[in-house]
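Spelled out, the chains give:
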Amino acid sequence: MNIADLARVRDEDLLKEPVGQASCAGARALMESIMSEEPQYANAAVSVETRDDYLHVTITDPEADVSAFTEAFRAVGLDAEVKKVPVAPEDVGTLVGIGRPAAPGEPYAQRVQIHPVNGDDYDARGKPVAEVRAEMERRGMKITYVVMWSHPDGTGSGYNVDAAHIKDDWPVGSVFSTASDAVEVTVEVGPDVPPDSLPKSTAPDPRGWWED
């Protein structure tokens, strides 16, 4: 609200009307200006503005204590529980919970695709598994695999499969960073591999713990 835009209201004008009424032109202008402001809140960690049907959140200090974020959300009427979750460096300060820098080797709460669009110089799409594996091992990455099957209706499904069941010549669909030292390689197999025919990996999935 710009102070210069406010109408001037004299004491004698306000005294003419019952307390709490804003019937004179100046008082009405002042009241309408105040009421037209959207509720907002800010502290040293975050600012929150309520829009028509959503909240606009700007995080200024992702390292702040979670109580500062909770305070901001509650100030605009949202009873939210805020957790700080580990994310890749490029996601620090974004809203997924609240992203904080992940420790070395700590699983990310949100995967990041290794792709030129995301600033990486390597594009794994369509390359054979053997070539992508060699590149990821050169980078010192631990590798997990997800095998995907395409269905006639255009949908797809898949699950984690151990490396022993992955063929070197199968095409890679994408590669995601899942920690500073780990990646997930998505493999798109052809019709010669029946859907759901490979044994599922028994390794635990470290993602999702922050939702508990």
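For the structure itself, look to the data block above.
These lines cover the structure that appears in this document, whether it is placed above or below. Here the structure is a predicted model, which is why all the values come from computation and not from measurement.

A word on the pairing of strand E7 (residues 142-150)
Then, number 1: Looking at chain direction, E7 and strand E10 (residues 182-188) are connected through seven bridges and run parallel. Bridging across to E10, Val147 finds its partner in Val187.
Then, number 2: In sequence, E7 turns back onto strand E8 (residues 156-161) through a hairpin of five residues, with Gly154 there showing a positive phi of about 95 degrees.

Some points on the packing of aromatic side chains
Then, number 1: Taken as a whole and judged by the stated rule, the model has one aromatic pair.
Then, number 2: Geometrically, the ring pair formed by Trp149 and Tyr159 is tilted, given 5.4 Å between the ring centres and 45 degrees between the ring planes. One end of the pair, Trp149, is in strand E7; the other, Tyr159, is in strand E8, and ten residues separate them in sequence.
Then, number 3: Residue Trp149 is classed as buried on the basis of its relative accessible area, which comes to 3%.
Then, number 4: Across from the ring centre of Phe176, 3.8 Å away, lies the NZ or CZ of Arg111, which sits over that ring.

Here's the deal with helix H4 (residues 129-138)
Then, number 1: When we look at burial in H4, the residues that qualify are Val129, Val132, Arg133, Glu135 and Met136. Down the axis of H4, the sector holding all buried residues measures 165 degrees, keeping them to one side. Structural note: H4 exposes Glu137 and Arg138 on the side pointing more than 90 degrees away from its buried face.
Then, number 2: The positive-phi residue at the C-terminal boundary of H4 is Gly140, with phi of around 80 degrees.

Each value, and the rule that gives it
Residues numbered from 1 in each chain as written. Predicted model: local features only at pLDDT ≥ 70, side-chain atom pairs only at ≥ 80, totals over all residues. Heavy atoms only, no water. Pairing = 2+ DSSP bridges. Helix = DSSP H or I, 4+ residues; strand = E, 2+ residues; numbered from the N terminus. Phe/Tyr/Trp six-rings, centres within 6.5 Å; stacked < 30°, edge-to-face > 60°. Buried < 20%, exposed > 50% of the residue type's maximum accessible area, 1.4 Å probe, protein only. Lys NZ or Arg CZ within 6 Å of the ring centre and 35° of its normal. Arc of directions from axis to C-beta.

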